[in-house]
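Architecture at a glance
Listed below are the residues making up each chain.
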Amino acid sequence: MLEDMFDFLERMSGGEGPVWQPAPASARTAIAEPLPQEGCSLEQAYGLFRDSILPYAVGNAHPGFMGWVHGAGTPVGMLAEMLAAGLNANLGGRDHMPVELERQVVRWGRELFAFPDTASGVFVTGSSMANFLGVLVARSRALGPSVRTDGMQGQGGGALVAYASRAAHACVARAMDLAGLGSAALNLIDVDGSGALDTDALASAIGCDLRQGRRPFLLVGTAGSVDTGAIDDLAALADIAARHRLHFHVDGAFGALGMLAADLAPRLGGIERADSIALDFHKWMHVPYDAGFILVRDGKHHLAAFDGGAHSYLAREPGGMSAGSPWPCDYGPDLSRGFRALKTWMTLKVYGARRLGAAISDSCERARHLGELVRRQAELELMAPVHLNIVCFRFRAPEGISDELNSRLLQAIQGSGIAAPSSTRIDGKYVLRAALFNHRTGRAQLAGLIDAALVHGRALLDELARQETTGTDRNSTCRNY
Ligand SMILES: *Cc1c(COP(=O)(O)O)cnc(C)c1O
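What this report covers is the structure whose coordinates are included nearby. As the structure is a prediction and not an experimental result, all values here were calculated from the model.

Its volume calculated, the largest pocket comes out at about 850 Å³. Lining the largest pocket are 34 residues, and of these Met5, Phe8, Leu9, Leu54 and Ala61 lie nearest its centre. Counting only elements with at least two residues in the lining of the largest pocket, the list comes to helix H1 (2–13), helix H3 (42–53) and helix H4 (75–87). Of the residues forming the lining of the largest pocket, the biggest block, 6 residues, is contributed by H1. When residues of the lining of the largest pocket are sorted by domain, at least three fall in each of domain 1 (2–69) and domain 2 (90–338). Approximately 410 Å³ is the volume attributed to the second largest pocket. Val191, Gly195, Thr228, Ile426 and Asp427 are the residues nearest the centre of the second largest pocket, which is lined by 18 residues in total. Per-class residue counts for the lining of the second largest pocket are 6 nonpolar, 6 polar and 6 charged.

Okay, the nonpolar core next. Side chains of a nonpolar character, in soluble globular proteins, are inclined to be buried together. By size, the foremost hydrophobic cluster in this structure holds 68 residues, and its most contacted members are Leu202, Phe248, Ile277 and Phe281. With 8 residues, the top contributor of residues to this core is helix H12 (residues 340–376). Residues within four places of Ile277 in sequence aside, it is in contact with Phe113, Phe115, His249, Val250, Ala256, Ile271, Phe293, Ile294 and Leu295. Judged by nonpolar contacts, the second largest core, of 31 residues, contains Val147, Met176, Ala179 and Leu186.

As a further point, take the sheet that holds strand S9 (residues 380–382). Taking strand neighbours across the sheet as the criterion, the 5 strands line up as S1-S11-S12-S10-S9 in an open arrangement whose pairing is mixed. Of all the strands in the sheet, just strand S1 (65–66) and S9 have a single pairing partner and so form its edges. Pairing geometry for S1 and strand S11 (residues 420–426), over 2 bridges, is parallel. Bridge pairing in S11 links Met66 to Pro421. Sheet strands in contact with helix H13 (residues 399–416) are strand S10 (390–395), S11 and strand S12 (429–435), and its direction is about 30 degrees off that of S12.

What follows deals with the state of the cysteines. One pass over the structure, following the stated rule, counts 0 disulfides. Here Cys171 stays free of any disulfide, with the sulfur of Cys392 as its closest cysteine sulfur at 18 Å.

Together, Leu2, Phe6, Leu79, Met82 and Leu83 line one region of the surface with nonpolar side chains, adding up to about 400 Å² of accessible area. At the level of secondary structure, the elements contributing two or more residues to the nonpolar patch comprise H1 and H4. Of note, Leu79 is situated in helix H4.

This part takes up the sheet that holds strand S4 (residues 186–189). Note on sheets: strands pair through backbone hydrogen bonds, and any given pair is parallel or antiparallel. Sheet architecture is open: 7 strands sit in the order S2-S8-S7-S6-S5-S3-S4, paired in mixed fashion. The open sheet has two edge strands, strand S2 (120–124) and S4, and neither has a second partner. Adjacent strand axes in the sheet meet at a mean angle of 20 degrees, parallel and antiparallel pairs treated alike. Strand direction decides the pairing type here: S2 and strand S8 (residues 292–296), joined by 5 bridges, are antiparallel. In the sheet register, Val124 faces S8, and the bridge partner there is Gly292. Along the sheet, helix H6 (residues 127–143) contacts S2, strand S3 (160–165), strand S5 (215–222), strand S6 (247–251), strand S7 (276–280) and S8; its crossing angle with S6, the most-contacted strand, is approximately 180 degrees.

Burial analysis of S2 places 5 of its 5 residues in the buried class, which makes it a mostly covered element. Here S2 shows two buried faces, one formed by Ser120, Val122 and Val124 and the other by Gly121 and Phe123.

Scoring rules and cut-offs
- Residues numbered from 1 in each chain as written.
- Predicted model: local features only at pLDDT ≥ 70, side-chain atom pairs only at ≥ 80, totals over all residues.
- Heavy atoms only, no water.
- 1 Å grid on protein atoms, 1.4 Å probe; cavity = no way out; pocket = protein on both sides within 12 Å on 5 of 7 lines; lining within 4 Å.
- Points joined across faces, edges and corners; volume = space filled by probe spheres on them.
- Helix = DSSP H or I, 4+ residues; strand = E, 2+ residues; numbered from the N terminus.
- Domains from an automatic or database assignment.
- Nonpolar A, V, L, I, M, F, W, Y, C, P; charged D, E, K, R; others polar.
- Core = buried A, V, L, I, M, F, W, Y, C linked by side-chain atoms within 4.5 Å.
- Buried < 20%, exposed > 50% of the residue type's maximum accessible area, 1.4 Å probe, protein only.
- Contact = heavy atoms within 4.5 Å.
- Pairing = 2+ DSSP bridges.
- Axes fitted to C-alpha atoms, helices over the stretch in contact; angles between N-to-C directions.
- Disulfide = S-S within 2.5 Å.
- Patch = residues over 30% accessible without salt bridge, like charges linked within 9 Å, V, L, I, M, F, W, Y side chains within 5 Å.
- Areas by Shrake-Rupley, 256 points an atom, 1.4 Å probe, with all protein chains shown as cover.
- Salt bridge = Lys/Arg side-chain N within 4 Å of Asp/Glu carboxyl O.

Okay, here's the thing in structure tokens:
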């Protein structure tokens, strides 16, 4: 199995086979069966994995994958997962080296972001969860830890208001929802021409909310927006947060690790002043899924939002296995937790910060190159500045058919197996989005993407234009937009 997986990674590195292919009905029926009462051989189960699952994954290990913000994985990460599974450590707490290794990753986090020694951190599934924890820390700072026993009733919590840009990830609004503050209490601020939060608009929104008796408590900056990679002016946001005594949280899901890259770190200036940072090691650092993380400047605030209330079987002792408090379970909602720290630690140990940072820089260089290729083609249109490693473009077509054409173009490119971009909307317009995270992607894949966009784009333009002239009722198919 191990050998097969190394072969698989080697084939991926060579860009063999399609990025993605739809799973045939036979693959689905192969795994559909009642709860097995008797076991089968490992070979048999492995055969099902090899034949019916492995070939029909999303393809994020393949160099042609340019879809969502996905890490590509590494052999080191794969082996670390195997070691972790063999050890089967539970990192909720107690006194053992796996927990100590998680603390070591926290110490590296402090170092990377120039946070003080009093900063705390904890692994979670992903940045959706890390942003949620950030909102909970901010909530307990604003209302006092009693909000945890009394809830929002009688706390004046109804007046709390938070801020983020319109380009912020939807999980920030979701975090407000989950925290009982309501997604409507997130005031979404317009972005400027570069896609970053408009700080003048923010200042006036805060003024307006204060005049109306609301209580600003949280400012969420975005370090690398999911649609275009835009970075908010974090230093300016830190100033505004300080002036109004707001908790300053940074959603750096992928962008925060730009700190590993010498050329990108200056663009994240101000992140070192955040009160908390959410980030994912499973994106730009390619640690296998999942490896989300939150770093909190003041460990006391972090603990105050989550500790205590533990069952007596979780009591701490001065010695023995129940020593070493606080435990990771005191910093978040999870009790049983996997050994995410091992694959993260091993990735950093084996590849080193410099090389991981260089891979991040390289992906931005590839994006600039792809942006150039788009600009060189009169039939293609670049739809957003290339801030980092994300390129948004579309095939030019009359506005009336552009969205339909580009949506079908996306499906055609994905179906070709050559490249797998995703889509988003910019100013309401449907665009193709190439997110170049994969360290295996080379110029050949970028050229392949452009070729596929041109070939399929021209064919679709012909087809749609012909429908237009022959009077086919195209509107009947796009009325649902
Ligand atoms: C990916 C992403 C998230 C969500 O993180 P998950 O790890 O998928 O939960 C949040 N914000 C940004 C900017 C992201 O790119």
